[in-house]
Amino acid sequence: FLFHDSTLDTDTNCRGQFAALTASEIAKCRLNGLERGPDRFEALLQWSRGRVVIDAELKTPAAVRPALDLVRRYDAYEWVYFRIGPGMRLYEKARSYDPRVALEANPADQAGFDRFVALDDPKLVSIQLHPELARPANIEAAHRSGRLVSGDAFRFGTERRRAFWPL
């Protein structure tokens, strides 16, 4: 499913931790202001081919295999990449399951940044920098390692915006 927050309370008519619900329970939820619930990742892959690049986020180890299986099924390697968080746990799980999938790290500190920059992994395509890491030396180091640099607009700005993609 496509859903950013870890709890359903703020954006849906359901309550509780997103990861604690079954797929059939999530399918019954409705997004606030809409007549439908969170869309499935597979629906996004079907819609997006040739239209947009998908920046998805793997939030739990349990999500890695199903998400990467869908990338394989739709041969979406050229237009989907996954943010894998600040640590190595999701990176290692994703990488060991599928060496072809594109990943983006978002290290929380300088040591994490240095660890990701040092990896010999051409499919670690991007490093997302938090404001405190967005220094010229880090940007240059990421580029020298062959990686793109991105920034999370929510972390650099003071507003929070919500967006939903249409089918």
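So, how was this worked out
- Residues numbered from 1 in each chain as written.
- Predicted model: local features only at pLDDT ≥ 70, side-chain atom pairs only at ≥ 80, totals over all residues.
- Heavy atoms only, no water.
- Buried < 20%, exposed > 50% of the residue type's maximum accessible area, 1.4 Å probe, protein only.
- Helix = DSSP H or I, 4+ residues; strand = E, 2+ residues; numbered from the N terminus.
- Pairing = 2+ DSSP bridges.
- Right-handed = clockwise from strand over helix to strand, strands pointing away.
- Axes fitted to C-alpha atoms, helices over the stretch in contact; angles between N-to-C directions.
- Disulfide = S-S within 2.5 Å.
- Salt bridge = Lys/Arg side-chain N within 4 Å of Asp/Glu carboxyl O.

J.: Even after reading the chapter, I still don't get the pairing of strand β3 (residues 102–105), so can you show me in this structure?
T.: Regular strands place side chains that alternate from one sheet face to the opposite one. Burial along β3 is two-sided: the residues Ala102 and Glu104 and Leu103 and Ala105 are all buried. Direction of pairing for strand β2 (residues 80–83) relative to β3: parallel, over a ladder of three bridges. Each residue of the ladder has a partner; that of tyrosine 81, found in β3, is alanine 102. Taking the sense of rotation as the criterion, the β-α-β connection linking β2, helix α4 (residues 89–97) and β3 turns out right-handed. Two strands pair when backbone bridges link them, and β3 and strand β4 (residues 124–129) are joined in this way by three bridges, in the parallel orientation. Considered in β4, the bridge of leucine 103 is made with leucine 124.

J.: Is there a simple way to think about the sheet that holds strand β5 (residues 148–151) in this case?
T.: Sheets are built from strands paired through backbone hydrogen bonds, the pairs being either parallel or antiparallel. The strand order β1-β2-β3-β4-β5 describes an open sheet built from five strands, whose pairing is parallel. In the strand order of this sheet, the two ends are held by β1 (54–57) and β5, each with one partner. On average, each strand axis in the sheet is tilted by 30 degrees relative to the strand beside it, whichever way the strands run. Strand direction decides the pairing type here: β4 and β5, joined by four bridges, are parallel. Within β5, the position partnered with glutamine 128 by the bridge is serine 150.

J.: Is there a simple way to explain the state of the cysteines in this structure?
T.: The bond known as a disulfide is covalent and runs between the sulfur atoms of two cysteines. One pass over the full model with this rule turns up one disulfide. The disulfide bridge from cysteine 14 ends at cysteine 29, spanning 2.1 Å between sulfur atoms. Sign of the S-S torsion, about -115 degrees for the bond between cysteine 14 and cysteine 29, identifies this disulfide as left-handed. Taken together, the positions of cysteine 14 in the segment before α1 (23–28) and cysteine 29 in the loop between α1 and α2 (41–48) put the pair 15 residues apart, joining distant regions of the chain. According to the relative accessible area criterion, cysteine 14 is buried, its value standing at 15%. Note on cysteine 29: relative accessible area 0%, which makes it buried.

J.: Would you mind going over the pattern of salt bridges with me for this structure?
T.: Oppositely charged side chains can form a pair if their charged atoms are brought close together. The full count for this structure, using the stated rule, is eight salt bridges. In this structure, arginine 95 engages aspartate 121 in a salt bridge whose closest nitrogen and oxygen atoms are separated by 2.8 Å. Of this pair, arginine 95 sits in helix α4 while aspartate 121 sits in the loop between α5 (110–118) and β4, placing them 26 residues apart in sequence. With a relative accessible area of 14%, arginine 95 lands in the buried category. Among the residues examined, aspartate 121 registers a relative accessible area of 9% and is labelled buried.

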